[in-house]
Amino acid sequence: MLPTALLASCLSDDLDGELITLRPIDFEGPAPGFAVAISLGGEDVVLDWSGAQGTAVSVFRSSDPALLASLPLGNALPAGVVEVVLDPSATDYTDVGAADHDDLTPHYYYRVGIETGDARVLSQMVMKTTTAMAQGYNKLAVCMVGGPERASDVVARLGSSVVSVWGWDAVNQSYIHWTPAYGVGSAADFTIGLGGVLMAQVDGSTPAYQSLVGAVPTNEPFEVTGRPGNNWWTLPVGYSGPAMASYWVDQVGYWGVGRWDNLTQSASWYWNSDYADFGLEACQPYDMYLPGDACTSNADCGEDTFCHFVDAASCGDVAAGLCKAQPIGCEEAPQGEVCGCDGVTYPSACEAEQAGASVASEGACECPPGFAGANCDTEIDECEANPCVNGDCEDQVNAYECACSPGWTGTDCEIEIDECEADPCDNGVCVDQVNGYVCVCSPGWTGTDCEIEIDECEADPCDNGVCVDQVNGYVCVCAPGWTGTDCEIEIDECEADPCDNGVCVDQVNGYVCVCDPGWTGTDCDTPDAPPEPT
């Protein structure tokens with residue numbers, strides 16, 4: 001059974017209506033960067049950025065996310081930021097003991113910085129929150145992307161000391177409950193959204209401190225329930241509004257703000273100035289007890305009223321509003337342009353409220369990047385200026401992307417790809433062309449890439465011999481009796497006048513001597529023998 005201290009002492013039976021879910025928060029601070037995975041290895045925090053490398057790598061850690069959101073790379077780091085310089089080849093880092101189970105460690109925020117040439121790039125921001133735990137009921141806030149998404153995930157993250165997980169049904173003003181016996185994915189395995197609060201019931205084996213890790217949200221939906229009665233609530237990373245519980249009660253008009261102490265297993269509330277005030281921190285679990293006129297839009301309010309959000313509620317991104325009467329006239333009201341929560345610029349705050357809009361900021365509305373118009377509802381067509389020199393433009397929100405024609409590259413397809421850069425011509429000179437190249441081959445070579453040696457023997461140039469192919473030429477090995485480049489000349493063996501006493505008759509690769517009378521021998525060099533005496 002749950003301790004009664006967890007329940008607001010003034011729950012009313014006549015509160016009804018629908019669950020109020022506020023619109024997503026658009027975080028401005030932690031700009032997205034290259035991906036970093038964060039996990040827990042026992043009491044260590046492990047970062048991994050496989051695939052992103054450079055000539056210099058550092059890990060930056062701080063307990064203040066604002067310091068990492070605008071990190072001045074290349075300049076002196078602000079106090080409160082710790083830099084760990086790693087080997088340039090590093091793609092992971094272990095922060096030893098950053099999630100200690102026995103001693104309290106701060107909420108830590110991390111970014112990885114990589115230098116490549118003259119460019120310095122930062123990763124997305126990731127985070128670790130640590131909560132003191134005690135046997136019994138322990139509240140935790142899920143303010144990171146990648147945190148527990150279902151009740152069963154809590155057991156997977158915090159371990160077997162978790163015997164059950166509780167949530168709060170703001171519609172019915174009652175608890176919802178899951179235990180491991182119900183099974184993962186069962187109907188009782190309730191979901192936990194980004195910005196949700198859970199309560200883990202743990203046994204005596206729980207470590208003194210438990211941690212959750214994930215990515216700091218950028219523009220992911222951050223859900224905040226805001227319905228008459230009790231609501232579990234947390235503040236997002238980067239919240240910089242009023243930091244005391246009394247503000248929401250005394251100035252905004254909430255009925256109460258409470259907090260649960262895991263160690264003492266007791267709740268404390270601020271209802272009015274007779275109670276002790278306390279500070280509010282991002283990513284800590286709280287209760288907010290709302291009156292019956294709580295609202296999230298004008299549809300929740302009656303005639304001639306509108307849903308009014310104070311500055312700290314960020315137009316409903318952080319907390320609920322309360323219905324407020326619309327002003328009748330604004331003639332005497334202070335003038336000065338304001339930007340309404342509806343994105344419209346009004347001449348005064350009074351006229352904004354008259355139109356049913358809370359004031360988002362002083363001065364005219366500045367449309368989000370990529371939008372224009374009085375209501376910021378016109379998406380700017382970045383392709384209208386035809387930025388893609390050699391390609392087709394695809395319009396995006398505050399950006400465009402060029403689909404380059406073949407042979408072109410670059411952000412605006414302004415760079416002609418040099419196909420000769422890869423040196424494709426094996427034996428020749430490359431001439432670059434758009435989306436191609438032509439090889440001017442050296443003598444003796446042919447083919448697209450001058451990769452084929454021309455066979456000069458293919459034409460059978462050697463008349464009386466064997467052809468030996470060479471680069472840009474050939475050599476004929478002549479048959480006996482022949483000479484010349486192409487073995488086309490029959491050697492005249494009679495040219496040397498070999499017949500001493502006779503006439504030489506040339507033949508292929510030889511000769512025959514017709515001897516004069518009285519002579520004999522191959523070369524007619526032997527006198528005939530005298531006749532025998534008779």
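Visitor: Looking at this model, I keep getting lost on the overall build of the chain. Mind explaining?
Guide: Counting its regular elements, the chain contains four helices and 41 strands. Over its C-alpha atoms the chain spans a radius of gyration of 45 Å, topping by over 25% the 24 Å that the globule rule assigns to 534 residues. For the chain, the C-alpha atoms occupy an extent of roughly 175 × 65 × 50 Å along the three principal directions. Within the span of the chain, comprising 534 residues, buried residues form 39% of the whole. Pairs at least 24 residues apart make up 55% of the contacts formed inside the chain by residues separated by at least 6 positions. Total accessible area on the chain stands at roughly 26900 Å², and carbon and sulfur atoms take up 50% of it. Positive and negative charge centroids in the chain, built from 11 and 87 side chains respectively, lie 32 Å apart.

Visitor: What is the right way to look at the side chain of His107 in this model?
Guide: The residue His107 is located in the loop between strand 5 (92-95) and strand 6 (108-116) in this model. What makes His107 buried here is its relative accessible area of 15%. Polar contacts involving the side chain of His107 include one to the main-chain amide nitrogen of Thr130, which spans 3.2 Å. Among the polar contacts made by the side chain of His107, one reaches the side chain of Gln284 at a distance of 3.1 Å. Discounting residues that sit within four places of it in the chain, His107 has contacts with Ser62, Ser63, Lys128, Thr129, Thr130, Ala282, Cys283 and Gln284.

Visitor: What should I look at first to understand the pairing of strand 20 (residues 321-325) in this one?
Guide: When a strand is regular, its side chains alternate between the sheet's two faces. Pairing of strand 18 (residues 294-295) with strand 20, which is carried by two bridges, proceeds in the antiparallel orientation. Within strand 20, the residue paired with Ala294 across the bridge is Leu322. Judged from the four bridges that link them, strand 19 (residues 305-308) and strand 20 form a sheet pairing that is antiparallel. Of the residues in strand 20, the one forming a bridge with Cys307 is Cys323.

Visitor: Just to check I follow, could you spell out helix 2 (residues 151-158) for this structure?
Guide: An α-helical turn contains 3.6 residues, so any two residues separated by three or four positions project in the same direction. Among the residues of helix 2, Ala151, Ser152, Val154 and Leu158 are the ones counted as buried. An end-on view of helix 2 places all buried positions within 150° of arc, on one side of the element. As for helix 2, its buried residues are in contact with strand 9 (136-142), strand 10 (162-169), strand 11 (174-178), strand 12 (196-202) and strand 13 (209-215). Downstream of helix 2 by one or two residues, Gly159 has phi in the positive range, about 100°.

What counts, and at which threshold
- Residues numbered from 1 in each chain as written.
- Predicted model: local features only at pLDDT ≥ 70, side-chain atom pairs only at ≥ 80, totals over all residues.
- Heavy atoms only, no water.
- Helix = DSSP H or I, 4+ residues; strand = E, 2+ residues; numbered from the N terminus.
- Rg over C-alpha atoms; globule rule 2.2 N^0.38 Å.
- Buried < 20%, exposed > 50% of the residue type's maximum accessible area, 1.4 Å probe, protein only.
- Contact = heavy atoms within 4.5 Å.
- Areas by Shrake-Rupley, 256 points an atom, 1.4 Å probe, with all protein chains shown as cover.
- Lys, Arg positive; Asp, Glu negative; His and termini not counted.
- Charge placed at Lys NZ, Arg CZ, Asp CG, Glu CD.
- Polar contact = N/O pair within 3.5 Å; in protein donor to acceptor, adjacent residues only side chain to side chain.
- Pairing = 2+ DSSP bridges.
- Arc of directions from axis to C-beta.

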